[in-house]
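The lines below spell out each chain.
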Amino acid sequence: MARWCYRHRLVVLLLWVGALLGLAASASAAGTDYANVFSLPDTDSKRAYDLMEKAFPDRAGDTDTVVWKVEQGSVRDDAVRSRIQPVLDRIAAMDGVGDVSGPYTGQQGAAQISRDGRIAYAQITFTQRADEIPKALIEDVVDMAQGARLDGLQVELGGQAIQRVQEPPQGLAEMVGLAAAAIVLFLAFGSLFAMLLPIAVAVFGVGIGLFGVQLLSHTTDIPDLAPLLSSLIGLGVGIDYALFIVTRHRRGVLQGTEPETSAVTALNTSGRAVLFAGGTVCIALAGMLVTNLRFLDGVVIGTSLTVVLSVLAAITLLPALLGFLGPRVLSRRQRRRLAAEGPEPERTSGLAVRWSHTVQRRPRTIAVLAVAVMAVLALPVLSLRLGATDQGNDDASTTTRKAYDLLAEGFGPGFNGPLQVVTDGGDATALADGIRATDGVARAVPLPPANGVTVIQVIPTTSPQSKETDDLIDTLRDEVIPKAGAEAHVGGVTAVSKDFASVTGERLPYFVATIIGLGFLLLLLAFRSLVVPLTAALMNLIAAAASFGVLVAVFQWGWGLDTLGLGKEGPINAFLPVIMLSLLFGLSMDYQVFLVSRMHEEWVHTKDNARAVRVGLAETSRVINSAALIMVCVFLAFVLSGDSGAAMAGVGLAAAVALDAFVLRTALVPAAMHLLGRSNWWLPAWLEKRLPHLAVEPAEDPAPSPAQPAGPASAIHGYVRDASGAPVHGASVTLLTSGGRQLDLVRSLADGSYIVSVPAPGTYLLAATASSYGSRARHVTVGEGPLVFDVELTEGEVDAVS
C-alpha cells in the first residue's frame, strides 16, 4: 500500500484534497446541531426533569440575565429606571427574543430587586437554544445593554448565550498549537519541508474529522465540547504519528537507501506501530461507552473519527507527500554531506546514549527518584472533588463572571444555582413549609401548578459548587421530602451536576478496569509477554494519579490560575476523569508501543535484555520526547479556547503526557525493565501456543525450506578484543538469521578467539556482548568458505541494528 501511494502520489493527494473540500462545503451548508444531552437514567434529577417537561412542554429557548448595580441611591430611582427600561424594551423588540421580564413590570418584578435596592436583574428569554442563536443577535443584545452604563451604574450580562460572544475567535487554540508544533518540528528536523509533513497530515486528518463530526451532529446527539476535544486529540496524534514515520524515513535516506524504498520501509515498520497505536487510542476512547453516559457517546464518536482519519492520513497521504519531496525530506546540509561523504553509519550517539547507559548503570536509583516525583505530584488527588464549573469560574474580567458575582452579592450565593423541587402528589404547601425550615435554605417559593405539577424554587444559602449545597440536596431527598409525605424530586442544574458526578464516580472503576484490560490484551498479543503489559498498566495508573494531582492543584486549589488566566478555582468537571483517562491511556499506550517495539525488535535479534532496553531507549527516547513536547504545546494551547472544560482537559493532558514521556517512558519503564531482566519477555509455553499473532514489526524473513538445498556448511571465526587490542574473555557471541532466529551461541576463549558454525552461505547477524563492555552487532555475509571476522567491544558504546 505504501509503495502504491508513493508511486500514485498525485492521485492520493487529489483524493484527500477533494474529500476535505467536499466535506467542508457540505458542513458549511448544513450548519451545526450540537446538543448537550445529560441523560442520567434512574436518577432523582432525571425524574424531576421529566415532570418539568410534563408541566411546561412548550418551554424552549435559552434564558440569559442582565444585571445592574448602582453605587449610590436605588435601582428604583427614576434616573436609573428611565435609563434601563427603554433598553429592555428595545431588546424585547428584537427578532429572536421571546420575552424580557424586568423588575419594573409585572407582579414578580419586585422580587428581582435586592433588599438594599442597589442591584436588580432582568431575564431575557430567546426563542432558540444558546448554540442556535445567531451570534450577531447576541452581540447586539450585549452592546445595547452595556450602552446603558454610566458612572455609578454598572451593567453586566450572564448566561450561556452571552458566554459565546466573549470566547476567543474559533480556531485560535488550534493555530497556536500548530505554530508551537511547527517550531518543535523544525528544531528536530532542521528542514522546512520535513517540518511541514506532520503539520499537513494533522490538518487533513483533523479538518476532515471536524467536518464529519459537524455533519454527524444532525443525526445523533453530539455535545459542543466534542469538536474541541476532537481537534485537541487529533492534532496531537496526527503530528506525532507522522513524526515517527518521517523520522524513520529520514534515517533510511541518510543511510543511502533510495527514497521510495526508505518510505516503504518506514511505513512497514513505524507505520505498523502507528496503526497499532491508533487502534489502542480508539479502543481506549470506546471504553467511555462502558459508563453508559449519553453525554459521552458523542465525544467518543467525534474523537474516534478524528483519530481514525489521522491514522489513515499518516499511512496513505504521508507516503504520497514523501514521494513529492524525495531527498528534500533532508535538510540542505544533510543532502550535501550525503553527496560528499556517502551514507551515514547507523549509530546512536549523544545525550540519548549517555542517558541510556546511566539508566542501565543505576536502575534502582532512577526508579526510586521517578516513583518519588510521581508520588508527590499524585498527593493532591486525595482531595479530588467532582462537580461542574459554571460562570463563577470564568475569568474575573469577563462580563459573565461580573454578572455572576453581582447576583451573588445582591441575592445570595445560592441564587446562581437554584434547586427545583418538583411534585405531582401530596401536600405541596406542607412541603414548601418544610423546605423553608431546613438549614441552608434562603428562600423557597412555590410556582403556580401546571398540569398537576407544582415546582418549588429553592434558593440555597451557599454557592452551587459548595459541599454544603450538595449536602442540602441529600437532606431534601432523604429527610424533608419523605417527612412531608410528598411525591417529589429535586432537580435543577446543580442537582443534575451532583447526580452526574455521583454516577461518574460509581462507574469509574468499571471504566478503568475495561481500558486497562483491553490495553493489557493488546500488548500481550503484540509483545508475547506478560510482564510488559503488566508494567504498562501500572505505569498508566501512576501517570493518571499524578496528572489528576496536577489538575486538582491548579483548578481545585487554584495554584497558578491567575497566571494562566483561567478564572476561579472550583471542582473538577465530572465528565473530565472519563475523557482524560481515555485519552491518557490511549496516548501512553502509543509511547509504550513505540518504545517497547524497538526493544522487542532488539530482543528478538540478540536475546540480550540489557542490550535490548539500552538500544531501544537510546533510539526512541529522542523522538518520543519530541513527540511529547509537541503534544504538550498543542494541549496547552487549548487554554486559549475560551471553554473551561477544554482548558481543563488541555492542562490535565499536557501534564499527563509530559510526565508519561519525560519521567515514566524515559526513566521508570527502562529502569524497571533493567531490574526485571529476562523476565520482561516471559510468556508461559501453553499461552504462547494459544495466542494469535499480532505483528507490530514486519514479519521475519522465512527460513530456508528443507526441500531446498541448504548449501555447504561453513563457519565464522575471529577474535573479540577491546579498544586497546586486549583479548576479551567470556564474551557471548551469537549468530542469528537476519530475521532474528538464533543459530549458534559461543563464549570467547582466554585469547579472545571464537568460532560459530554457519549452516549455509548467506547474510547473518553476528552479535557480541560482554559484561562491563558495550554490545556490537553486525550483518555479515558468508560465502563458500569460512569468514574471518574480528569484533571490537568498546566500553559504553551502543551499536544499533535495525
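Bear in mind the structure is a predicted one, so any value in this text is a computation, not a measurement.

A. Molecular detail of the overall build of the chain. A tally of regular secondary structure across the chain gives 24 helices and 18 strands. When its C-alpha atoms are laid out on the principal axes, the chain stretches across 110 × 55 × 50 Å. When burial is assessed residue by residue, the chain has 55% of its 802 residues classed as buried. Across the chain, every contact between residues at least 6 apart in sequence was considered, and the portion connecting residues at least 24 apart equals 76%. As presented, the chain carries roughly 33,600 Å² of accessible surface, and 58% of it is formed by carbon and sulfur atoms. When the 60 basic and 73 acidic side-chain charges of the chain are each reduced to a single mean position, those positions are 9 Å apart.

B. Region of the structure containing the pattern of salt bridges. Inspection of every chain in the model, using the stated rule, returns 14 salt bridges. Ionic pairing is found between Asp-50 and Lys-46, a salt bridge with its closest N-O pair at 3.0 Å. With a gap of 4 residues between them, Asp-50 and Lys-46 both fall in helix H3 (residues 44-55), about one helical turn apart.

C. Spotlight on the side chain of Gln-592. Note that Gln-592 resides in helix H21 (residues 576-606). For Gln-592, a relative accessible area of 1% puts it in the buried group. There is a polar contact of 2.3 Å between the side chain of Gln-592 and the side chain of Arg-665. With sequence-adjacent residues up to four places away left out, Gln-592 is seen in contact with Leu-523, Val-532, Ala-536, Ser-597, Arg-665 and Val-669.

D. Region of the structure containing the sheet that holds strand S12 (residues 732-737). Reading across the sheet, the 4 strands line up as S13-S12-S15-S16 and stay open at both edges, with antiparallel pairing between neighbours. Only two strands of the sheet have a single partner each, and these edge strands are strand S13 (742-747) and strand S16 (775-782). Each adjacent strand pair in this sheet contributes to an overall mean axis angle of 20°, direction not counted.

E. Layout of the packing of H21 against helix H22 (residues 609-637). Packing of H21 against H22 leaves a shortest axis separation of 8 Å and a crossing angle of 160°. Between H21 and H22, the interaxial angle falls into the category roughly antiparallel. At the point where H21 passes H22, the crossing takes the right-handed sense. Here the contact of H21 with H22 is built from residues that sort into 15 nonpolar, 4 polar and 4 charged.

F. Expanded view of the packing of aromatic side chains. Enumeration over the complete set of coordinates arrives at 7 aromatic pairs. With 6.4 Å between their ring centres and 85° between their planes, Trp-16 and Phe-204 make a pair best called edge-to-face. One end of the pair, Trp-16, is in helix H2 (residues 9-30); the other, Phe-204, is in helix H8 (residues 192-216), with 188 residues separating them in the sequence. Considered together, Trp-16 and Phe-204 belong to a single accessibility category, that of buried residues. Put simply, the rings of Tyr-121, Phe-411 and Phe-415 touch in pairs and so form one group of aromatic residues. Its guanidinium or amino end placed over the ring of Tyr-6, Arg-9 lies 5.5 Å from that ring's centre, counting from NZ or CZ. In this structure, Arg-721 packs its charged tip against the face of Tyr-719, placed 4.5 Å from the ring centre.

G. Here's a closer look at the packing of helix H10 (residues 259-286) against H21. Packing of H10 against H21 leaves a shortest axis separation of 8 Å and a crossing angle of 160°. The pairing of H10 with H21 is recorded here as roughly antiparallel in orientation. Between H10 and H21 lies a crossing whose hand is right-handed. Across the interface between the two elements, Ser-270, Ala-273, Val-274, Phe-276, Ala-277, Gly-278, Thr-280, Val-281, Ala-284 and Leu-285 of H10 pack against Ser-582, Leu-583, Phe-585, Gly-586, Leu-587, Met-589, Asp-590, Val-593 and Phe-594 of H21.

H. Focus on the pairing of strand S1 (residues 63-70). Among the 8 residues in S1, 7 count as buried, and that is most of the element. Taken together, the 7 bridges between S1 and strand S3 (residues 119-126) define a ladder with antiparallel strand orientation. Bridge assignment links Val-67 to a residue of S3, and that residue is Tyr-121.

I. Structural detail: empty space enclosed by the protein. Under the criterion given, the structure shown has 3 cavities of 30 Å³ or more. Of the pockets and cavities examined, the largest cavity occupies roughly 60 Å³. Listed by contribution, the elements that provide at least two residues to the lining of the largest cavity are H10, helix H18 (493-527) and H21. Broken down by element, the lining of the largest cavity gets its largest block of residues, 4 residues, from H18. Within the lining of the largest cavity, the residues separate by chemical class into 7 nonpolar, 3 polar and no charged.

J. Structural detail: H2. When the terminal C-alpha atoms of H2 are compared, their 32 Å separation across 22 residues agrees well with the 32 Å that a helix rising 1.5 Å per residue should span. Here H2 has its buried residues at Val-12, Trp-16, Leu-20 and Ala-27. End-on view of H2: buried residues confined to an arc of 70°, all on one side of the axis. Residues Leu-10, Leu-14, Leu-21, Ser-28 and Ala-29 are exposed on H2 and point more than 90 degrees away from its buried face. Residues of H2 that are buried in the fold lie against helix H1 (2-7), H8 and helix H11 (294-325).

K. Region of interest: the nonpolar core. Counting 155 residues, the largest nonpolar core has Met-288, Phe-555, Ile-579, Tyr-591 and Phe-635 as its most contacted members. It is helix H23 (residues 644-676) that provides the largest number of residues to this core, a total of 18 residues. Sequence-distant contacts of Tyr-591, defined by excluding residues within four places in its chain, comprise Asp-240, Phe-244, Ile-624, Ala-627, Ala-628, Met-631, Val-657, Asp-660, Ala-661 and Arg-665.

Thresholds applied
Residues numbered from 1 in each chain as written. Predicted model: local features only at pLDDT ≥ 70, side-chain atom pairs only at ≥ 80, totals over all residues. Heavy atoms only, no water. Helix = DSSP H or I, 4+ residues; strand = E, 2+ residues; numbered from the N terminus. Buried < 20%, exposed > 50% of the residue type's maximum accessible area, 1.4 Å probe, protein only. Contact = heavy atoms within 4.5 Å. Areas by Shrake-Rupley, 256 points an atom, 1.4 Å probe, with all protein chains shown as cover. Lys, Arg positive; Asp, Glu negative; His and termini not counted. Charge placed at Lys NZ, Arg CZ, Asp CG, Glu CD. Salt bridge = Lys/Arg side-chain N within 4 Å of Asp/Glu carboxyl O. Polar contact = N/O pair within 3.5 Å; in protein donor to acceptor, adjacent residues only side chain to side chain. Pairing = 2+ DSSP bridges. Axes fitted to C-alpha atoms, helices over the stretch in contact; angles between N-to-C directions. Parallel < 35°, antiparallel > 145°, perpendicular 65-115°, else oblique. Left-handed = near helix turned anticlockwise from the far one by under 90°. Nonpolar A, V, L, I, M, F, W, Y, C, P; charged D, E, K, R; others polar. Phe/Tyr/Trp six-rings, centres within 6.5 Å; stacked < 30°, edge-to-face > 60°. Lys NZ or Arg CZ within 6 Å of the ring centre and 35° of its normal. 1 Å grid on protein atoms, 1.4 Å probe; cavity = no way out; pocket = protein on both sides within 12 Å on 5 of 7 lines; lining within 4 Å. Points joined across faces, edges and corners; volume = space filled by probe spheres on them. Expected span 1.5 Å × (residues − 1). Arc of directions from axis to C-beta. Core = buried A, V, L, I, M, F, W, Y, C linked by side-chain atoms within 4.5 Å.

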